[in-house]
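# A look at the structure
Each chain, written out:
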Amino acid sequence: MASDKIKAINDADFKTTISASVPCLVDFWAPWCGPCKAIGPVIEDLAEEYKGKVTILKMNVDDNPATPGQFGIRAIPTLILFKSGAVVDQITGAVGKKQLVDLINKAL
Amino acid sequence: MPKTHYDLIILGSGPAGLTAGLYAARARLDHLLIEKGAAGGQVLLTDWVDNYPGFPDGLSGFELAEKMEAHARRFGLNTLIANVVSMDLTQTPKRLTTEDGEELSCDALIICTGARPQLLGIPGEVEFTGKGVSYCATCDAPFYRDMHVAVVGGGNTAVQEAAHLTKFASRVTLIHRRDTLRATKIVQEKAFANDKIDFIWNSQITAIEGEKGVERIRLRDTAGKESILAVDGVFILIGVVPNSEMLPLQLLQSENGFIPTDNETRTVIPGVMAAGDIRDKEVRQIVTGAGEGATAVLAAEHYLNTLPS
């Protein structure tokens, strides 16, 4: 997910970002990952639809190895939903919009 | 009011859909290509494409998908990102409904919904997906640097991706339920010559186990002997299942989820074509999908010309 519409986060600012009062959905991706690209447009749509309710962010796993390691991520795209800094649920693979909406709604 | 009717709708944006889109746009047909996400389909899961004509040095699946999309866009391809969940092909015009409840209609329809990786259906598989179980070596190989991974399967995808995995993993064990591989000779030769790949023949994987992630797999050979293999990851590359959930399979006379057609990609329903991996056929290659996409547009054009204007 290489879009500029989604804010990128890194290992350094990860913890403070996900501890915000608004729930966060973090898209762990890499530039060489086809399915990450495939779900890109859907993630952009969701970021627009849930503006103010859920913050959608992306983290490049190539540049930021520490956070994916901490969460045991072994496949991308992996999307993890956080509320007040804690993991609510996660999903792996190029899933459909409905599955992502169902995931996001778990934090609302 | 936004436009909801098109002469031709193409459903899916893999090689078949993109080629159909290219032909439809270039022929100036009133068309819409509906895609679920970014274009490319299963090509996006392919590390390296070595057999697509016109690219003598080979290219990555990612790159080929981008080139195909750019090519179709040059002619003015119209696209919509939506997930079609149902359709009514008995009416005139034919109707499609998206997940958001949007209704679209068309006179001719080309179904290019493709296929997706098949699951093994064994304990631990779903539980450890993304935590050691993967269906895309291209995507996830870099997570297995200096580790030991298993690859399940014996076809082109499994053997080719096993070789790709050796760029990262220290050891790759290919597990196949037969004693010979189904993959193309040149792909087999490369795998046999790779000293990081070892083979377990005549064996099936029966369970995937671990604590937080994959730690070991259970195997059973054709004689019934059971064993355990310690691995850090399992790549399941055993074939595909059709993306047919939104299709009226009975109406299309499908017995297995794939759509039967004639040589011109026409299904039993007038004005409905099927191209690419969703078609009921033996050969599933990028180049055959592309060829069928082109054939389907010519069939669609022919059909549209028979309709009263």
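Residues numbered from 1 in each chain as written. Chains lettered and ligands numbered in written order. Predicted model: local features only at pLDDT ≥ 70, side-chain atom pairs only at ≥ 80, totals over all residues. Heavy atoms only, no water.

### Let's talk about the confidence of the model for chain B
Residues shown with low pLDDT carry predicted positions that ought not to be read at fine detail. What counts here: As a per-residue measure, pLDDT reflects the predictor's confidence and takes values from 0 up to 100.
When pLDDT is averaged along chain B, the result is 95; 100% of the residues meet or exceed 70. The ipTM for the predicted assembly is 0.75, set against a pTM of 0.85.

### Quick notes on helix 5 (residues 185-193) of chain B
Spacing of three or four residues puts side chains on the same side of an α-helix, whose turn is 3.6 residues. All names here are of chain B. Which entries qualify depends on this criterion: Each residue's exposure class comes from its accessible area (1.4 Å probe, protein chains only) as a fraction of the maximum for that residue type: buried when under 20%, exposed when over 50%, partly exposed otherwise. Put simply, DSSP H or I for four residues or longer makes a helix, DSSP E for two residues or longer makes a strand, and each gets a number counted from the N terminus. Here the arc refers to the set of directions running from the helix axis out to each C-beta atom. Two residues qualify as a contact provided that any one of their heavy atoms is within 4.5 Å of a heavy atom in the partner residue.
All of the buried residues in helix 5 are Val187, Gln188 and Ala191. Summarising the axial view, the buried residues of helix 5 lie within an arc of 100°, below the 170-degree limit, and thus occupy one face. Away from its buried face, by an angle of more than 90 degrees, helix 5 presents the exposed residues Lys185, Ile186, Lys190 and Ala193. Where helix 5 is buried, its residues contact helix 4 (156-165) and strand 11 (197-200).

### Looking at the sheet that holds strand 8 (residues 133-134) of chain B
Backbone hydrogen bonds are what pair the strands of a sheet, in a parallel or an antiparallel way. Residues and elements named next belong to chain B. As a reminder of what qualifies: Only when DSSP finds a minimum of two bridges between them are two strands counted as paired.
Strand order in the open sheet formed by 5 strands is 8-15-9-10-11, and the pairing between neighbours is parallel. Each of the sheet's edge strands pairs with one partner strand only, and the pair in question is strand 8 and strand 11. Bridge count for strand 8 against strand 15 (residues 233-236) is 2 bridges, and the pairing is parallel. Opposite Val133, over in strand 15, you have Val234 as the bridge partner.

### Some points on the pairing of strand 12 (residues 203-209) of chain B
Residues and elements named next belong to chain B. Relative to strand 13 (residues 216-221), strand 12 runs antiparallel, the two being bridged by 6 bridges. Across the sheet, residue Glu209 finds its bridge partner in strand 13, namely Arg216. Where strand 12 hands over to strand 13, the hairpin turn is made up of 6 residues, counted between the paired strands.

### Brief notes about the nonpolar core
Worth spelling out the cut-off: Only buried residues count toward a nonpolar core, which is a set of Ala, Val, Leu, Ile, Met, Phe, Trp, Tyr and Cys residues joined through side-chain atoms within 4.5 Å.
If you look at the biggest cluster of nonpolar residues, it comprises 40 residues, and the most contacted ones within it are Val26(A), Phe28(A), Ile76(A) and Val151(B). Among residues more than four places away in sequence, those in contact with Phe28(A) are Phe14(A), Met59(A), Val61(A), Thr67(A), Pro68(A), Ile73(A), Ile76(A), Pro77(A), Thr78(A) and Ile80(A). Ala20(B), Cys112(B), Ala296(B) and Val297(B) belong to the second largest nonpolar core, which has 23 residues in total.

### Things to note about the side chain of Ser203(B)
Residues and elements named next belong to chain B. Rules: Under the rule applied, a polar contact is a pair of N or O atoms within 3.5 Å (in protein, one hydrogen donor and one hydrogen acceptor; residues adjacent in sequence only if both atoms are side-chain atoms).
Along the polypeptide, Ser203 turns up in strand 12. At 2.9 Å, the side chain of Ser203 and the backbone oxygen of Trp201 are in polar contact. Each residue touching Ser203, except ones within four places of it in the same chain, is listed here: Ile175, His176, Arg177, Arg220 and Asp221.

### Section: unusual backbone geometry
The omega torsion across Ile76(A) and Pro77(A) is 0°, close enough to zero to call that bond cis. Each neighbour pair has its own omega, and for Thr92(B) with Pro93(B) the value is -5°, a cis peptide bond. Counting through the fold element by element, Pro93(B) comes out in the loop between strand 4 (84-88) and strand 5 (94-98).

### Digging into the side chain of Glu69(B)
Within the element layout of this structure, Glu69(B) appears in helix 2 (residues 61-74). With near-sequence residues (within four places) excluded, Glu69(B) lies in contact with Lys37(A), Leu18(B) and Ala39(B).

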